[in-house]
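So you can see what is in the structure, the chains are spelled out below.
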Amino acid sequence: MNNKDTFEILTIPDDTSYWLVRADGGKYLDDYIENSFISIAHNQVTIESIHSDDSPKDGLKNPDIHQMYIDSYPHQTKHWQTIASSQCFEFINNMKIGDVVLTPGKSSDYFAIGVITGDPFDADKSKLRTKKENSGPNGIQYKVDQNLKRRNVTWMKTIHRSSLPGELYWILSAHQAIFNISSYAEYIDPLIFPLFQKANYKFNPNKPGIFQWQSVDDVFLMVVD
């Protein structure tokens, strides 16, 4: 960006969805931020297995994620299987590139705000294992997340809980791993950037040169400077 000081308004696509994504009680938020991702638990169901030709299919011949959770976690309750599979479905099928993510830290003292920039993928197990082995007093200084199912995220800023408007205080006690909070968009947008507008166009993370949601790097520079 040649002159970011000349840009004053952040334009956000009007089809943007907003998600609360917990990092296991904030334990893995430092890993999220350091390595630009979000994740979801339950490694016995992977992105690869979901898209496998051998995965169970529903009536429309789409992967039956609920059945996969029943098969992979037979000793869990039906309620657990339903909630866990629904969150996995949201993560894979309903989240999209360009959506906003809000993730709390430990004790919800602060929150990271980012934009999804990639499709779901499985992390490399061996790399995660090596990374965990290298954590500790003389190595990586943050808790290493072992969840496989991931999406890349560009993190734009962190805010203290005191910056949350009253309408969002309920998320301090939310416990679901993933929660669609799009109905609160009007309260979240000002947390990202004070001047913004909604527009009818598609998110494009590769389009350079203009300060819009289409250029995540420009948004990041404007927010942190």
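Coordinates for the structure precede this section.
What counts, and where the lines are drawn
Residues numbered from 1 in each chain as written. Predicted model: local features only at pLDDT ≥ 70, side-chain atom pairs only at ≥ 80, totals over all residues. Heavy atoms only, no water. Helix = DSSP H or I, 4+ residues; strand = E, 2+ residues; numbered from the N terminus. Buried < 20%, exposed > 50% of the residue type's maximum accessible area, 1.4 Å probe, protein only. Contact = heavy atoms within 4.5 Å. Areas by Shrake-Rupley, 256 points an atom, 1.4 Å probe, with all protein chains shown as cover. Core = buried A, V, L, I, M, F, W, Y, C linked by side-chain atoms within 4.5 Å. Salt bridge = Lys/Arg side-chain N within 4 Å of Asp/Glu carboxyl O. Phe/Tyr/Trp six-rings, centres within 6.5 Å; stacked < 30°, edge-to-face > 60°. Lys NZ or Arg CZ within 6 Å of the ring centre and 35° of its normal. Pairing = 2+ DSSP bridges.

Turning our attention to the overall build of the protein. Helix and strand counts for the protein come out as 7 helices and 9 strands. Relative to its full complement of 225 residues, the protein shows a buried share of 43%. Here the analysis covers contacts within the protein between residues at least 6 apart in sequence; of these, 71% occur between residues at least 24 apart. For the protein, the exposed surface amounts to about 11,900 Å²; the carbon and sulfur share of it is 48%.

To continue, consider the environment of Leu20. Its place among the elements puts Leu20 in strand 2 (residues 18–21). Along the primary structure Leu20 and Ala174 are separated by 154 residues, whereas in three dimensions their C-alpha atoms are 9.0 Å apart. Every residue in contact with Leu20, bar those within four places of it in the chain, is listed here: Leu102, Pro104, Ile171, Ala174, Ala177, Ile178, Phe179 and Ile181.

The biggest cluster of nonpolar side chains holds 27 residues, and the ones touching the most others in it are Tyr32, Ile38 and Met95. Those elements that place two or more of their residues in this core are strand 2, helix 1 (29–35), strand 3 (37–40), helix 2 (47–50), helix 3 (65–72), helix 4 (78–94), strand 5 (110–116) and strand 7 (149–160). Tallying contributions element by element places helix 4 first for this core, with 4 residues. Those residues in contact with Ile38, other than ones at most four positions away along the chain, are Val21, Tyr32, Phe91, Met95, Val101, Thr103, Ile116, Lys149, Arg150, Arg151, Val153 and Trp155. With 21 residues, the next largest nonpolar core counts Tyr18, Leu102, Leu168 and Ile188 among its residues.

A side chain with one charge may pair with a side chain of the opposite charge, provided their charged atoms come close. Taken as a whole and assessed by the stated rule, the structure comprises 4 salt bridges. With a closest N to O distance of 2.8 Å, Lys96 and Asp99 form a salt bridge. Lys96 sits in the partly exposed class, given a relative accessible area of 28%.

Our next topic: the packing of aromatic side chains. Under the criterion given, the structure shown has 7 aromatic pairs. Look at Trp170 and Tyr184: their rings are 5.4 Å apart centre to centre, the planes differ by 45 degrees, and that puts the pair in the tilted class. Of this pair, Trp170 sits in the loop between strand 7 and strand 8 (178–180) while Tyr184 sits in the loop between strand 8 and helix 6 (185–192), and the two are 14 residues apart along the sequence. Trp170 gets classed as partly exposed once you look at its relative accessible area, which sits at 27%. The exposure class of Tyr184 is partly exposed, given its relative accessible area of 24%. It is Arg150 that lies over the ring of Phe37; its NZ or CZ is 4.0 Å from the centre.

Moving on: the pairing of strand 7. Pairing of strand 3 with strand 7 involves 4 bridges; the strand directions are antiparallel. Counterpart to Ile38 in the pairing with strand 7 is Arg151. As judged from the 7 bridges shared by strand 5 and strand 7, these two strands associate in the antiparallel manner. Residue pairing in the sheet places Val115 in a bridge with Thr154 of strand 7. Pairing geometry for strand 6 (residues 121–122) and strand 7, over 2 bridges, is antiparallel. Directly across from Phe121, in strand 7, lies its bridge partner Arg150.

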